[in-house]
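A closer look at the structure
Each chain, written out:
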Amino acid sequence: VTPGGVRVLPIEEATLEILGSLLDLGEIRKIDLIVQFLEVFGGGLAMSSRLAVESASKQELNELEEKLRSVIGSIGETEKHRENWKAFTDSLLPIHKNLVLRLVGNGIRTQIMSDALQLDEDNEFEQDTEKLQGNLEEAAGALKRRDALGTSNALLEYVESVKSSIASRAKFKSSDKR
C-alpha cells in the first residue's frame, strides 16, 4: 500500500464502508442494497428488542413504549419518523448492554443514513400505513405485556412490510424500463 492509496480486499473480507464505492461502480443496484440492509436491520432490531424487553425494568419498559408510540405517531412524516426510530433503537441498547449488537447496529445505521443509501425521488414508494401502524401497535402492546418475542416479531413484521414495499417498487420500476 502506498501513502494515500487504497487497500483492496476481496469482497468476502470487506466491511460496510465499501458500500458507497460499490454503488458508484454499479456493482449492485441501490434498491437491492437497501432491501438487503433492511433484512439485516430487521434481524438486529428483532434481537435487540427481545433482549431489551427481557432485561428491562418496569420504568424502562414504559419509556420504550412511549418512544415506540412516538414512532407510531410520526408515520408519514419522514424526518420526524426517522428521528423517533433512532431514539427508540438508541434506547434499546443501554438496556440489553450487548456491545457486539450495538457495534453492528451502529455500522448499519451509519450506512443507512448515508446519502449513498437514500432513495432517489424517482424511487419513492407507497406504503400501507395502516399495516405499518398495526405492526407497531402490536409491538407496543407486546412491550406493555413484557412479551419479548411478541415485540420482536411485530417489529420484524414492520421491517418486512417496508422491505416488501421497496422490493415490489423495484420490480415495478425494472419492468417499466422494458
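Now for a description of the structure that goes with this document. (Residues numbered from 1 in each chain as written. Predicted model: local features only at pLDDT ≥ 70, side-chain atom pairs only at ≥ 80, totals over all residues. Heavy atoms only, no water.)

A word on the overall build of the protein. When its secondary structure is counted, the protein shows seven helices and zero strands. Ordered by position in the sequence, the α and β elements of the protein form the string α-α-α-α-α-α-α. A total of 178 residues make up the protein; the buried ones form 36% of that total. For the protein, the proportion of contacts with a sequence separation of at least 24, taken over those separated by at least 6, is 75%. For the protein, the accessible surface area stands at approximately 10,800 Å², while carbon and sulfur atoms represent 52% of it. (Helix = DSSP H or I, 4+ residues; strand = E, 2+ residues; numbered from the N terminus. Buried < 20%, exposed > 50% of the residue type's maximum accessible area, 1.4 Å probe, protein only. Contact = heavy atoms within 4.5 Å. Areas by Shrake-Rupley, 256 points an atom, 1.4 Å probe, with all protein chains shown as cover.)

We now examine the side chain of S48. Positionally, S48 belongs in helix α2 (residues 30-55). What makes S48 buried here is its relative accessible area of 6%. If we skip the residues at most four places from it in the chain, S48 touches L92, L93, H96 and L101.

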